[in-house]
Amino acid sequence: MSCVEGMIQDEQIFPTKFGCFSGLSENEITVDGSSFPQHFTSHVKKIFRLLFQVLAHFFHHHYQDIIDITLHAHLNTLVSHFLFFAEAHQLLDRKETAPLEDFMRLLSHELHPVEASAAAKS
């Protein structure tokens, strides 16, 4: 987690000053005057991969404890939002999410029962 925190706080990866990024080259992404490094997307993917590993660890090793303190609904919501965002922006590879594939399918069915049942019929 300290690795992720360090990456998020690094001004070279996530500039926070509007239009004040020095050393802009033609390989860097500019959005609304803010500059992002050439490998910005790979940094974000790495952050998502590391955070996913933490979430997978919670599910694999601590889910019963989370149920015991009645926080499982919150964790399920967190994970579903995290995974749907990652999927929408292609931030995680399918092989990385394989450990929670059954859970993701279950969440998808619970959140969108009509769409899931239509997909199951085809």
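Peer 1: How do you make sense of the packing of aromatic side chains when you look at a structure like this?
Peer 2: For any two aromatic rings, the description comes down to two numbers: the centre-to-centre distance and the angle of the planes. Summed over the entire model, instances satisfying the criterion amount to three aromatic pairs. Ring centres of F48 and F82 lie 4.8 Å apart, and the angle between their planes is 20°; this geometry places the pair in the stacked category. Here F82 lies in helix α3 (residues 72–88) and F48 lies in helix α2 (residues 40–68), a separation of 34 residues in the sequence. Here F48 falls in the buried class, since its relative accessible area comes to 13%. Geometrically, the ring pair formed by F59 and Y63 is stacked, given 4.9 Å between the ring centres and 15° between the ring planes. Taken together, the positions of F59 and Y63, both in helix α2 and four residues apart, correspond to about one turn of that helix. An aromatic cluster of three or more residues is present, and its members are F48, F82 and F85.

Peer 1: How should unusual backbone geometry be read in this particular structure?
Peer 2: Excluding glycine, most residues fall at negative phi; most peptide bonds, likewise, are trans. Unlike most non-glycine residues, T70 shows phi in positive territory, near 55°. Within the secondary structure, T70 is located in the loop between α2 and α3. At Q90, a residue that is not glycine, the phi angle is positive and equals roughly 50°. Looking at where Q90 falls in the secondary structure, it is placed in the loop between α3 and α4 (94–97).

Analysis parameters
Residues numbered from 1 in each chain as written. Predicted model: local features only at pLDDT ≥ 70, side-chain atom pairs only at ≥ 80, totals over all residues. Heavy atoms only, no water. Phe/Tyr/Trp six-rings, centres within 6.5 Å; stacked < 30°, edge-to-face > 60°. Helix = DSSP H or I, 4+ residues; strand = E, 2+ residues; numbered from the N terminus. Buried < 20%, exposed > 50% of the residue type's maximum accessible area, 1.4 Å probe, protein only.

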